[in-house]
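Below are the chains, spelled out letter by letter.
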Amino acid sequence: MKLLCFYLLLLVPPWGFYAHKWINRMAVFLQPPELFVFLKKHIHYISDHAVNPDKRRYAVVGEAERHYIDLDEYNAEEKLVLPSLTWEKAVERYTEDSLRARGIVPWQIIRMKHQLTEAFMHRDVSRIVKLCTDLGHYIADAHVPLHTTKNYNGQLTGQNGIHGLWESRLPELYLQGYDMWIGRAAYEPRIQERVWRTVFDSHAAVDSVLSFEKRLSEDKKYTIEERNGVLVKTYSSLFSAQYHKALQDQVERRMRAAIQTVADIWYTAWSDAGKPDLGDEIFEIQADTIPRAQVLKVREEN
Ligand SMILES: [Zn+2]
């Protein structure tokens, strides 16, 4: 059991690069049996390739803007209207160039949900798997507060590096304590509304993400740590602890919400396609795919 736990804990990654893999992986476990059995067959692809969209970011024209939306580039009145605008209506109102310059993640998610529904209708397995994988990535990005502001790395307020502090450093230090045991996937009848609510919820957290960091930024902010044989400057444990406390589990809450939204949208696409049967192969859940919260329970009992 000790060996197993050690192996499983190695699978627990920080948000940043690895969190995408974790979120996609966890979302598979929220599915009802019929969809779970299908997705489980492809869980390694869905998890391992969850970071593909980031890899394409600088290589593919049009990719970068799919990962964010600078909501602070819209005034209060526009923000009220945005959630009701389809992509076509938004282009009419703002032009495509202007929209792309400010980021398009909500429209990207909505578009891909429809593509996923179609792929399910056609039982196009490879397309389903690829769409689930990419869609999970964009949904996860939409849950990160700093993906909804032009001040995405604190560069406009002298807080450079805060992006990595929030989405990599804090999970690295505290993810072990996150409760990742979430309910089940639920049908979402209002996808457009849900997606916009997600980015607005993320955006509402931007102020605390930035202001708490600023307030705590005094001495002992950085430390030097060894990473893979290289000395790197990073946020000190003390500073990170104070920031983590000030945020009151915000990173954990956004991560849980991301897993739930990914699971709900996959499930909704499958439901909208008429819940097609994608094969009935039944197999055991492998040890390395047990959700972490279950593992912790096992550990406690022993
Ligand atoms: Zn991304």
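Since this is a predicted model, take the numbers as computed values, not measurements. (Residues numbered from 1 in each chain as written. Predicted model: local features only at pLDDT ≥ 70, side-chain atom pairs only at ≥ 80, totals over all residues. Heavy atoms only, no water.)

Tracing the backbone through its elements, the reader meets P145 in the loop between helix 10 (125–142) and helix 11 (162–174). Residues P145 and S202, 57 residues apart in the sequence, show an inter-C-alpha distance of 4.2 Å. Other than its neighbours up to four places away in sequence, P145 contacts W166, S202, A205, V206, V209 and R254. (Helix = DSSP H or I, 4+ residues; strand = E, 2+ residues; numbered from the N terminus. Contact = heavy atoms within 4.5 Å.)

Counting 77 residues, the largest nonpolar core has I109, L116, F120, Y243 and W266 as the members making the most contacts within it. Aside from chain neighbours lying at most four places away, what touches F120 is L35, I128, W266, A269, W270, A273, P276 and L278. (Core = buried A, V, L, I, M, F, W, Y, C linked by side-chain atoms within 4.5 Å. Buried < 20%, exposed > 50% of the residue type's maximum accessible area, 1.4 Å probe, protein only.)

Those donors, D54 (OD), H67 (ND1), H137 (NE2) and D141 (OD), are the protein atoms that reach the zinc ion, and they lie 2.0 to 2.4 Å from it. Note that the zinc ion binds four donor atoms; their angles at the metal cover 87 to 175°, and the shape is irregular. Between the donor residues of the zinc ion, the gaps in sequence give the motif D-x12-H-x69-H-x3-D. A residue pair is termed long-range when its members are at least 10 positions apart, and D54 in helix 5 (residues 52–56) and H67 in the loop between helix 5 and helix 6 (76–81) qualify at 13 residues. Taking the relative accessible area as the measure of exposure, H67 reaches 0% and is therefore buried. (Donors = N, O, S within 2.8 Å, 3.2 Å for Na, K, Ca; no water. Tetrahedral: all angles 85-135°; square planar, octahedral: opposite > 155°, others 65-115°.)

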